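Summary of structural features
Here is how the chains run, residue by residue.
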Amino acid sequence: VMALALFLSFAASRAGGAYTALAAMETVITGLFFLLYLLQLDKNLSWFFWPLADVFNSVVAALFLLIVCLLALILKTNNGTRAGGVIGLVLLALCIIDAVLVSKRISLARPRGRNA
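Since the model is a prediction, treat every value here as computed from it, not as a measurement.

**Section: the UniProt feature "transmembrane region" (unreviewed entry) in the chain**
Cross-referencing UniProt, the feature "transmembrane region" (unreviewed entry) maps to residues 47-74 and 86-106 in the present numbering. A distance of 43 Å separates the end C-alpha atoms of residues 47-74, which is 89% helix and 0% strand. Secondary structure within residues 86-106 divides into 95% helix and 0% strand; the distance between the first and last C-alpha atoms comes to 31 Å.

Below you can see the structure in the form of structure tokens.
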């Protein structure tokens, strides 16, 4: 929801391409992970370690969000960009929390798959 709000904020403010592209990319990737877990496709595709991919996505998104949202707040082209910067910083905190919580649940010694 926050990624979608970030995208809508940057798109409505007619912010630069990097702002909107990052927000759109994060919205799509987050939506795909949501569908993956909602439809339990991670259980069918057990050959790939999805929690680690989720942590990697959260860390990379947090790094990009830090850069883009700080630029949005520093440049302050308009109020929509400023609001997008604040929403992006909240999303940054959520990405870090997600990465920490998921990485605590990861156990590399435990077998994966349907029988696990």
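On we go.
**Looking at helix H1 (residues 2-12)**
Within H1, the full set of buried residues consists of Ala3, Leu6, Ser9 and Phe10. Down the axis of H1, the buried set is contained in an arc of 125°. They therefore lie on one face. In the stretch just after H1, Arg14 is the one whose phi turns positive, near 55°.

**Describing the side chain of Asn57**
Note that Asn57 resides in helix H4 (residues 50-75). Accessibility expressed as a relative area gives 13% for Asn57, which makes it buried. Dropping the residues within four chain positions of it, Asn57 is found in contact with Glu26, Ile29 and Phe33.

**Re the nonpolar core**
Counting 15 residues, the largest nonpolar core has Leu6, Phe10, Tyr19, Leu65, Val68, Leu91 and Cys95 as its most contacted members. Breaking this core down by element, the ones donating at least two residues are H1, helix H2 (17-38), H4 and helix H5 (79-105). Looking at which domains feed residues into this core, each of domain 1 (1-47) and domain 2 (48-115) supplies at least three. Setting aside residues no more than four positions away along its own chain, Leu65 makes contact with Leu6, Leu22, Leu70, Gly88, Leu91, Leu92 and Cys95.

**Comments concerning H5**
A rise of 1.5 Å per residue sets the reference length of H5, with its 27 residues, at 39 Å; its end C-alpha atoms lie 39 Å apart and thus fit the reference within 8%. Among all positions of H5, only Thr81, Gly84, Gly85, Gly88, Leu91, Leu92, Cys95, Ala99 and Val102 are buried. For H5, the secondary structure elements touched by its buried residues are H1, H2 and H4.

**What about the side chain of Glu26?**
Residue position: Glu26 is located in helix H2. The exposure class of Glu26 is buried, given its relative accessible area of 5%. Apart from residues lying up to four places away in sequence, Glu26 is in contact with Ala3, Asn57, Ala61 and Leu91.

Basis of the calculations
- Residues numbered from 1 in each chain as written.
- Predicted model: local features only at pLDDT ≥ 70, side-chain atom pairs only at ≥ 80, totals over all residues.
- Heavy atoms only, no water.
- UniProt positions renumbered as here; feature names shortened; annotations may be inferred.
- Helix = DSSP H or I, 4+ residues; strand = E, 2+ residues; numbered from the N terminus.
- Buried < 20%, exposed > 50% of the residue type's maximum accessible area, 1.4 Å probe, protein only.
- Arc of directions from axis to C-beta.
- Contact = heavy atoms within 4.5 Å.
- Core = buried A, V, L, I, M, F, W, Y, C linked by side-chain atoms within 4.5 Å.
- Domains from an automatic or database assignment.
- Expected span 1.5 Å × (residues − 1).

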